[in-house]
Amino acid sequence: MLFRYFSKVLFFGLYFLCSVNLHSNPDSLQSKPTEKNNLRFDLSADGKRFFQFTFLNQSWMRYNESNPGTTLFGKPTDNTFDIGLRRTRIQLYGQITSRTFLYFQFGQNNFNNTYASLPVSSSGTQLYGNRKFAAFFHDALCEFNPFSGKNNNVLKIGSGLTIMNGLSRFSQPSISSIATLDVPVFLQYSVDQIDEFDRRLATYVRGQVGKLDYRVYVSNPFPITSAGSSPSSLDTNATFVNFVGLPEGKNPGIHNQFGGYLSWNFFDKESHVTPYMTGTYLGSKKIFAVALGAVYQKSATWYRKQNTSTLQMDTLFSDMLHLGIEAFLDCPVNKEKQSAVNVFAGYYLTNYGPDYLRYNGLMNPATGFSTFTTNYVQKNAFGNAIPMFGTGQVAYFQFAWLIGKARIAGAKDNGQLMPFCSMQYANYDAMQNNKIILLDAGLNWLLKQHQSKISIDFQNRPTFYKETGSKITEGSRKNCLIIQYQIFI
């Protein structure tokens with residue numbers, strides 16, 4: 001009881017301090033308060049040094065048609081309805097001195113009624129799970145800026161736990177400003193395998209020189225054994241290396257990961273306060289950027305292959321290399337009506353090693369397969385899971401249109417509508433030429449830009465199964481309907 005009381009007092013105390021000007025005189029406090037859109041402490045009179053708090057919650061209500069053979073807590077189910085928290089986050093960051101930036105993010109993801117459901121095998125071994133059963137630190141980093149004044153974005157040197165990435169803008173997305181319902185998660189290529197929810201312990205440099213926006217990093221990957229699930233057994237399909245039990249001389253060790261992202265901004269420069277990249281500026285900026293990205297890690301995966309001389313199965317190691325090229329357009333169409341357009345297109349070559357494949361389902365609403373289902377492609381291909389990650393090639397496209405305020409009848413408080421659509425096309429080697437096509441279409445109702453947003457999204461995805469032997473065949477397509485309410489301040 002005492003803790004709850006203290007928490008309430010602390011929260012309202014912080015809110016009050018953030019809502020007033022700490023440099024105001026007593027007379028100014030008697031005037032009518034102005035509206036604020038953030039919770040911020042000014043640490044200097046000019047506001048250049050500051051510390052800020054943000055809070056975000058994305059609540060989902062979802063109806064999903066299940067993949068064939070799906071069960072929910074042991075009962076076969078053709079469809080599910082669930083309520084969950086897709087993301088709940090707290091950010092704390094600020095410019096502490098003219099050259100020092102501090103950033104923390106704390107929160108939780110994919111929390112629904114199956115979140116802590118961890119099926120086990122008959123021997124008691126955990127089959128799959130989640131590394132994090134409670135809220136955790138997503139980011140914790142310190143950043144040093146050798147320059148100040150007009151050149152304060154030329155070079156920033158950071159280190160810590162960070163999302164800083166090299167492959168794509170959607171590998172390091174600002175999730176509060178997404179133009180569609182969600183980001184293309186395949187671009188978070190090793191999420192919760194050798195990283196912590198797309199975050200890594202890294203040292204990086206980033207900045208802007210003229211129209212060039214650059215970021216380069218080196219990171220220490222986590223071992224796959226810390227991912228909260230039993231590592232996949234060694235097979236002919238590449239998987240991330242399990243170093244436990246490898247004999248001396250056969251262990252390649254965990255190698256550092258390197259990445260870089262270069263973006264050319266033809267018009268306005270993008271925001272560079274944090275390492276996160278904005279989804280849409282809602283017409284407040286004129287952005288057209290073309291970018292190249294790359295990620296490399298030596299001996300990241302392993303697999304077995306028959307030796308033609310000895311006819312024995314050798315254990316081999318493969319480097320991980322991902323390459324991407326993408327274009328991003330986000331600009332106003334009619335400034336008076338506040339209409340805008342958002343377009344993104346990207347093409348990626350993903351190489352984890354021979355025939356690497358990983359199924360994943362966002363906040364999966366199911367828990368397993370029927371006992372009698374033996375033709376699934378992977379053991380976690382139930383619920384809403386798709387072959388999300390693999391060695392091969394992927395293309396992704398999205399389009400969103402912010403409709404001008406003049407087209408919505410009524411008062412200003414009605415906000416704005418933003419219809420959107422996206423398509424993902426993947427051709428993974430392990431899927432035996434079965435193409436993976438994901439379709440999304442929906443509508444954002446921006447009650448107050450990204451601060452208060454209701455989204456509805458319709459998704460259509462493929463399913464796959466194995467015939468007699470090992471041939472993979474596409475099955476029926478399944479649908480999903482999601483309503484999301486986002487609050488962000």
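Draft legend 1. Inspection of the overall build of the protein at higher detail. Looking only at helices and strands, the protein features one helix and 25 strands. Each of the 489 residues in the protein was classed as buried or not, and the buried ones make up 47%. Counting only contacts in the protein whose residues sit at least 6 apart along the sequence, the fraction spanning at least 24 positions is 68%.

Draft legend 2. Molecular detail of the packing of aromatic side chains. Tallying each qualifying case throughout the model produces 19 aromatic pairs. In this structure, Lys286 packs its charged tip against the face of Phe267, placed 4.3 Å from the ring centre.

Draft legend 3. View of the confidence of the model for the protein. The predicted model of the protein averages 88 in pLDDT, with 87% of residues at 70 or higher. When the criterion is pLDDT under 50, residues 1–32 qualifies, and its contacts beyond four places in sequence or with other chains add up to 17 contacts. Taken together, the stretch residues 119–128 has pLDDT below 50 and engages in 23 contacts with residues farther than four places along the chain or on a different chain.

Draft legend 4. Examining the side chain of Ser318 more closely. Assignment of secondary structure puts Ser318 in strand S14 (residues 313–334). Look past the residues within four positions of Ser318 in its chain and what remains in contact with it is Ser299, Ala300, Thr301, Tyr303, Tyr352, Gly353 and Pro354.

Draft legend 5. Spatial organisation of the pairing of strand S19 (residues 392–402). Covered by surrounding structure in S19 are Gly392, Val394, Tyr396, Gln398, Ala400 and Leu402 only, the residues Gln393, Ala395, Phe397, Phe399 and Trp401 on the alternate face being uncovered. Pairing geometry for strand S15 (residues 339–351) and S19, over eleven bridges, is antiparallel. Paired with Gly346 across the strands is Tyr396, a residue of S19. Sheet topology places S19 next to strand S20 (residues 416–428); nine bridges connect them, and they run antiparallel. Across the sheet, Tyr396 pairs through a bridge with Gln424, a residue of S20.

Draft legend 6. Fine view of a nonpolar patch on the surface. Together, Met61, Tyr63, Phe81, Ile83, Leu443, Ile456, Phe458, Leu481 and Ile483 line one region of the surface with nonpolar side chains, adding up to about 800 Å² of accessible area. For the nonpolar patch, the secondary-structure elements that each account for two or more residues are strand S2 (50–65), strand S5 (79–97), strand S22 (452–461) and strand S25 (478–488). As for its placement among the helices and strands, Ile83 is situated in strand S5.

Draft legend 7. The arrangement of the environment of Phe258 in detail. Tracing the backbone through its elements, the reader meets Phe258 in strand S12 (residues 257–265). Along the primary structure Phe258 and Lys298 are separated by 40 residues, whereas in three dimensions their C-alpha atoms are 9.4 Å apart. Other than its neighbours up to four places away in sequence, Phe258 contacts Tyr217, Val218, Ala294, Val295 and Tyr296.

Draft legend 8. Highlighting the sheet that holds strand S17 (residues 368–369). Read across the sheet, three strands follow the order S4-S3-S17 without closing on themselves; strand pairing throughout is antiparallel. Only two strands of the sheet have a single partner each, and these edge strands are strand S4 (75–76) and S17. Pairing of strand S3 (residues 70–72) with S4, which is carried by two bridges, proceeds in the antiparallel orientation. Paired with Leu72 across the bridge in S4 is Lys75.

Draft legend 9. Representation of the pattern of salt bridges within the structure. Counted by the stated rule, this structure contains ten salt bridges. Between Asp139 and Arg199 there is a salt bridge whose closest N-O contact spans 3.5 Å. You can see Asp139 sitting in strand S7 (residues 136–144) and its partner Arg199 sitting in the loop between strand S8 (156–162) and strand S9 (200–209), a full 60 residues away along the chain. Overlapping salt bridges bring together Arg86, Arg87 and Asp182 as one network.

Draft legend 10. Broad picture of the environment of Asp46. Here Asp46 shows up in the loop between strand S1 (39–42) and S2. Within polar-contact distance, the side chain of Asp46 engages the backbone nitrogen of Lys48 at 3.0 Å.

The rules behind each value
- Residues numbered from 1 in each chain as written.
- Predicted model: local features only at pLDDT ≥ 70, side-chain atom pairs only at ≥ 80, totals over all residues.
- Heavy atoms only, no water.
- Helix = DSSP H or I, 4+ residues; strand = E, 2+ residues; numbered from the N terminus.
- Buried < 20%, exposed > 50% of the residue type's maximum accessible area, 1.4 Å probe, protein only.
- Contact = heavy atoms within 4.5 Å.
- Phe/Tyr/Trp six-rings, centres within 6.5 Å; stacked < 30°, edge-to-face > 60°.
- Lys NZ or Arg CZ within 6 Å of the ring centre and 35° of its normal.
- pLDDT = per-residue confidence, 0-100.
- Pairing = 2+ DSSP bridges.
- Patch = residues over 30% accessible without salt bridge, like charges linked within 9 Å, V, L, I, M, F, W, Y side chains within 5 Å.
- Areas by Shrake-Rupley, 256 points an atom, 1.4 Å probe, with all protein chains shown as cover.
- Salt bridge = Lys/Arg side-chain N within 4 Å of Asp/Glu carboxyl O.
- Polar contact = N/O pair within 3.5 Å; in protein donor to acceptor, adjacent residues only side chain to side chain.

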